[in-house]
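Structural characterization, general
Now for the letters of each chain:
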Amino acid sequence: MKRENAKKQLCVALVFNLQRAHATHGRNYLETEYDSEDVILGIKDALELSGHKVILIEANRNAVENIKTNSKNIDIVFNIAEGLRGEARESHVPCMLEMLGIPYTGSGPITMAITLDKARTKEILLQHGVKTPEYQVFNSANDRIRQDLRFPLIVKPIAEGSSIGISAESVVQNETALRQQADSIIRTYRQPALVERFLTGREFTVGILGNENPRILPIIEICLDKYEHSKLAFTLENKFIVDKDENSCVPKNLSLKLRNRIREAALQTYKALNCRDFSRIDIRCDENNIPNVLEVNPLPGLNPKIEYISYFVKAARLGGLGYNEMVNEVLNAALKRHGIDAGMRAHEFAKEVQAE
Ligand SMILES: Nc1ncnc2c1ncn2[C@@H]1O[C@H](COP(=O)(O)OP(=O)(O)O)[C@@H](O)[C@H]1O
Ligand SMILES: [Mg+2]
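Residues numbered from 1 in each chain as written. Chains lettered and ligands numbered in written order. Predicted model: local features only at pLDDT ≥ 70, side-chain atom pairs only at ≥ 80, totals over all residues.

Another aspect to go through is the overall build of the protein. When its secondary structure is counted, the protein shows 13 helices and 12 strands. For the protein, the C-alpha radius of gyration of 20 Å lies close to 21 Å, the compact-globule estimate for 356 residues. Expressed as lengths along the three principal axes of its C-alpha atoms, the size of the protein is roughly 65 × 45 × 35 Å. (Helix = DSSP H or I, 4+ residues; strand = E, 2+ residues; numbered from the N terminus. Rg over C-alpha atoms; globule rule 2.2 N^0.38 Å.)

Before going further, it helps to spend a moment on the site of ligand 1. Taken together, 20 residues lie around ligand 1, and Gly-161, Glu-196, Leu-199, Ala-233 and Phe-234 are the ones closest in. Mapped onto the shell around ligand 1, the elements with two or more residues apiece are strand S5 (153-157), strand S7 (193-197), strand S11 (278-285) and strand S12 (291-297). The residue inventory of the shell around ligand 1, partitioned by class, reads nine nonpolar, three polar and eight charged. Taken together, domain 2 (132-197) and domain 3 (200-329) each give at least three residues to the shell around ligand 1, which thus spans both. (Near = placed C-beta within 6 Å. Nonpolar A, V, L, I, M, F, W, Y, C, P; charged D, E, K, R; others polar. Domains from an automatic or database assignment.)

When its domains are assigned, the protein resolves into domain 1 (2-105), domain 2 (132-197) and domain 3 (200-329). Measuring from the centre of the C-alpha atoms in domain 2 to the corresponding centre in domain 3 gives 24 Å. Across the boundary between the two partners, domain 2 contributes 12 residues, which contact 11 residues of domain 3. (Contact = placed C-beta atoms within 7 Å.)

Before going further, it helps to examine the sheet that holds strand S3 (residues 76-79). Pairing within the open sheet is parallel, and its three strands lie in the order S2-S1-S3. Edge positions in the sheet fall to strand S2 (53-58) and S3, since each has one partner strand and no second. Across the sheet, the axes of successive neighbouring strands diverge by a mean angle of 30°, strand direction being ignored. Bridging between strand S1 (residues 11-16) and S3 involves four bridges; their strand directions are parallel. Each bridged residue has a counterpart across the sheet, and for Leu-14 the counterpart in S3 is Phe-78. (Pairing = 2+ DSSP bridges. Axes fitted to C-alpha atoms, helices over the stretch in contact; angles between N-to-C directions.)

A word on the nonpolar core. By size, the foremost hydrophobic cluster in this structure holds 90 residues, and its most contacted members are Val-15, Ile-43, Val-77, Val-155, Val-195, Val-206 and Ile-283. The biggest single contributor to this core is helix H12 (residues 323-337), with eight residues. Apart from the residues within four sequence positions on either side, Val-15 is in contact with Ile-57, Ala-59, Ala-63, Val-77, Asn-79, Ala-81 and Val-93. (Core = buried A, V, L, I, M, F, W, Y, C linked by C-beta atoms within 7 Å. Buried ≥ 20, exposed ≤ 12 C-beta atoms within 10 Å, placed from the backbone.)

Attention now moves to the pairing of S12. Buried residues dominate S12, accounting for six of its seven residues. Sheet topology note: the S11/S12 ladder contains six bridges and is antiparallel. From the neighbouring strand, Ile-283 faces S12, where its bridge partner is Val-293. Adjacent in sequence and paired antiparallel, S11 and S12 are bridged by five residues, among which Asn-289 carries a positive phi angle near 70°.

All right, on to the environment of Asp-38 then. As for its position among the elements, Asp-38 is in helix H3 (residues 37-49). In this structure the C-alpha to C-alpha distance between Asp-38 and Leu-302, which are 264 residues apart in sequence, comes to 9.3 Å.

Now for the pairing of S11. With seven of its eight residues buried, S11 lies for the most part within the structure. Both strand S8 (residues 203-209) and S11 contribute to a ladder of seven bridges, which runs antiparallel. Note on S11: the bridge partner recorded for Leu-209 is Phe-278.

In the contact formed by H3 and H12, the axes pass within 9 Å of each other and the chain directions differ by 80°. With respect to each other, H3 and H12 are oriented roughly perpendicular. Judged by residue contacts, Gly-42, Ile-43, Ala-46, Leu-47 and Leu-49 of H3 engage Tyr-323, Asn-324, Val-327, Asn-328 and Leu-331 from H12. Residues that form the contact of H3 with H12 fall into these classes: seven nonpolar, three polar and no charged. (Parallel < 35°, antiparallel > 145°, perpendicular 65-115°, else oblique.)

This part covers the environment of Leu-199. Residue placement: Leu-199 occurs in the loop between S7 and S8. Taking the number of C-beta atoms within 10 Å as the measure of exposure, Leu-199 has 21 and is therefore buried. Residues Leu-199 and Arg-284, 85 residues apart in the sequence, show an inter-C-alpha distance of 6.8 Å.

Cis geometry marks the peptide bond from Phe-151 to Pro-152, where omega comes out at -5°. Structurally, Pro-152 is set in the loop between strand S4 (135-138) and S5. Positive phi is not limited to glycine here, since Ser-163 has a value of about 60°. Checked against the element boundaries, Ser-163 lands in the loop between S5 and strand S6 (171-172). In this model, Arg-190 sits at a positive phi of 50°, which is unusual for a non-glycine residue. Tracing the backbone through its elements, the reader meets Arg-190 in the loop between helix H8 (175-189) and S7.

Bringing the sheet that holds S7 into the picture now. Through backbone hydrogen bonds, the strands of a sheet pair up, either in parallel or in antiparallel fashion. The sheet built from four strands is open, its strands ordered S4-S7-S5-S6 with antiparallel pairing. Both edges of this open sheet fall to S4 and S6, since each of them pairs with a single strand only. As judged from the four bridges shared by S4 and S7, these two strands associate in the antiparallel manner. Looking across to S7, one finds that Phe-138 is bridged to Ala-193. Each of S4, S5, S6 and S7 touches H8; the most contacted strand, S5, lies at about 10° to it.

Encoded structure:
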């Protein structure tokens, strides 16, 4: 037993961006997406418990050198890096690893870059017949408004996550408010504003794990009713409200038909965007109870602490996968995809690839 473990022990480099500041709207906002020490140590512990050796590499400007220095030892990277800056920031680490021939967990550069741009994501979804709210990209607050867009609308930054820029003011009822909010988003976040039809139905999020036959984790419901700050949308403020009741996000009275439609929309999205190993898909129903996809999170939050809202972790737990098992399933999905799950040292595999 011991020998088998030793043979399968891999050196996993956990590549991350560390959160140093607690962020608010428009201030240090990029760090909102970064991971706290809890997450980094949680993943490290989970991998070590499976017998792997873990090295930590911060995805800062020295990451290329640090990964190159260690590349002979690294079998695989466990990537949770959100990126430092720029319109393709979540794709930087995957791009770099692709260039160096080092296997890594999670989606590739194309998926990472596209899903960071919510409008590009929607174009692909529409091409694949997946429902997503009608929308318009505002490059300037004075852009002419599409005739077929009906109020209420929601205004969001085109390329942020974690509800950055989503507040009680995001939902607008008329043109003046729309232009004001678009102006504020464009100025604050220095990027176009995505204006979407505001859907009033139930909101869900769906975690998916694996590749060939991906496992759809139990559907999570985001019950906006319980939030004082805004009952309309899952704002940044709402996201920080602690809810220790695990069952509060288990959907009640969900018909089999709706459940299947949500699962189908999530799976189609996962495949359309070429997601790998794991992702979380945000969905909201329209007034006819039809699930629409809002966005795709190829790097869902993985906080092990129950009081933090990491819906992927909660969904896994509801599906019977503890935190450590979930982390190792992500790793194993990547190892299998790279064909390095049979005890073969991954860097030997990488060398073979490079020699080809
Ligand atoms: N078109 C929409 N209709 C209704 N609610 C929306 C819509 N778009 C976003 N929201 C609300 O805003 C929240 C954040 O939007 P989302 O697109 O998921 O961005 P983020 O990347 O910040 O999570 C959603 O969870 C939802 O509550
Ligand atoms: Mg979201």
